[in-house]
Amino acid sequence: MPYAPEEFPAWSQDLRRAEIVFFGSLPFSLFFTFEAYDIGKFAVSGFDALLSPWPLRSGAEIWAGYSPSEKGWLIASALTVSLGVAVADYLIAHRPGRREDR
């Protein structure tokens, strides 16, 4: 039997939506965080071929070029970006003057 809309409080529905947005955006946040870091590292190194970003290197070298602390910071950065996306979604959905009949 499906749930009725009034069965759950509004805060739990907002929390569930935030969870879906957070985990849904996480793969994209991880990809773009690592890609931005790789491009920045490539540019700072003077475009050294050994530090080429993802499309220019083989898949076997994906994790080889990162120290454990770099991996930690990059993953923490991606989690922070996903959290920001979830917060932005919440703020957009609950902005004043938003019309419910659309």
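Located above this text is the structure these notes cover.
On a predicted model such as this, the values are computed, not experimentally measured, just so you know. (Residues numbered from 1 in each chain as written. Predicted model: local features only at pLDDT ≥ 70, side-chain atom pairs only at ≥ 80, totals over all residues. Heavy atoms only, no water.)

## Concerning the packing of aromatic side chains
So, step 1. According to the stated counting rule, one finds six aromatic pairs in the structure shown.
So, step 2. Measuring from ring centre to ring centre gives 5.1 Å for Tyr-3 and Phe-8, while their planes differ by 70 degrees; the resulting arrangement is edge-to-face.
So, step 3. Judged by its relative accessible area of 62%, Tyr-3 is exposed.
So, step 4. Between Tyr-37 and Tyr-66 the ring centres are 6.2 Å apart and the planes differ by 40 degrees, which places this aromatic pair in the tilted class. Residue Tyr-37 is located in helix H1 (residues 10–44), and its partner Tyr-66 is located in the loop between H1 and helix H2 (68–93); the two are separated by 29 residues in the primary sequence.
So, step 5. On the basis of relative accessibility, which here comes to 29%, the residue Tyr-37 falls in the partly exposed class. (Phe/Tyr/Trp six-rings, centres within 6.5 Å; stacked < 30°, edge-to-face > 60°. Buried < 20%, exposed > 50% of the residue type's maximum accessible area, 1.4 Å probe, protein only. Helix = DSSP H or I, 4+ residues; strand = E, 2+ residues; numbered from the N terminus.)

## A word on H2
So, step 1. With 26 residues, H2 ought to run about 38 Å at 1.5 Å a step, and its terminal C-alpha atoms sit 38 Å apart, in line with that.
So, step 2. Turning to H2, its buried residues number three or more, namely Glu-70, Leu-74, Ala-78, Ser-82, Ala-86, Asp-89 and Ala-93.
So, step 3. Tucked inside the fold, the buried residues of H2 contact H1. (Expected span 1.5 Å × (residues − 1). Contact = heavy atoms within 4.5 Å.)

## Here we look at the environment of Leu-79
So, step 1. Turning to its location among the elements, Leu-79 is positioned in helix H2.
So, step 2. Along the primary structure Leu-79 and Phe-22 are separated by 57 residues, whereas in three dimensions their C-alpha atoms are 8.4 Å apart.

## Let's talk about unusual backbone geometry
So, step 1. In the Ramachandran plot, Phe-47 falls in the positive-phi region, its phi being about 65 degrees despite a non-glycine side chain.
So, step 2. Judged by its relative accessible area of 56%, Phe-47 falls in the exposed class.

## Overview of H1
So, step 1. Here H1 contains 35 residues, and its C-alpha end-to-end distance of 48 Å stays within 8% of the 51 Å for a straight helix at 1.5 Å per residue.
So, step 2. The principal kink in H1, of about 40 degrees, is found at Leu-26, preceding the proline Pro-27 by one to four residues.
So, step 3. Along H1, the positions that sit buried rather than exposed are Ser-12, Phe-22, Ser-25, Leu-26, Ser-29, Thr-33, Phe-34, Glu-35, Asp-38 and Phe-42.
So, step 4. Buried residues along H1 sit against H2.
So, step 5. Looking one or two places after H1, you find Gly-46, whose phi comes out positive at around 80 degrees. (Bend = angle between axes of the 7 residues up to and from the residue.)

Structural measurements only, silent on function.
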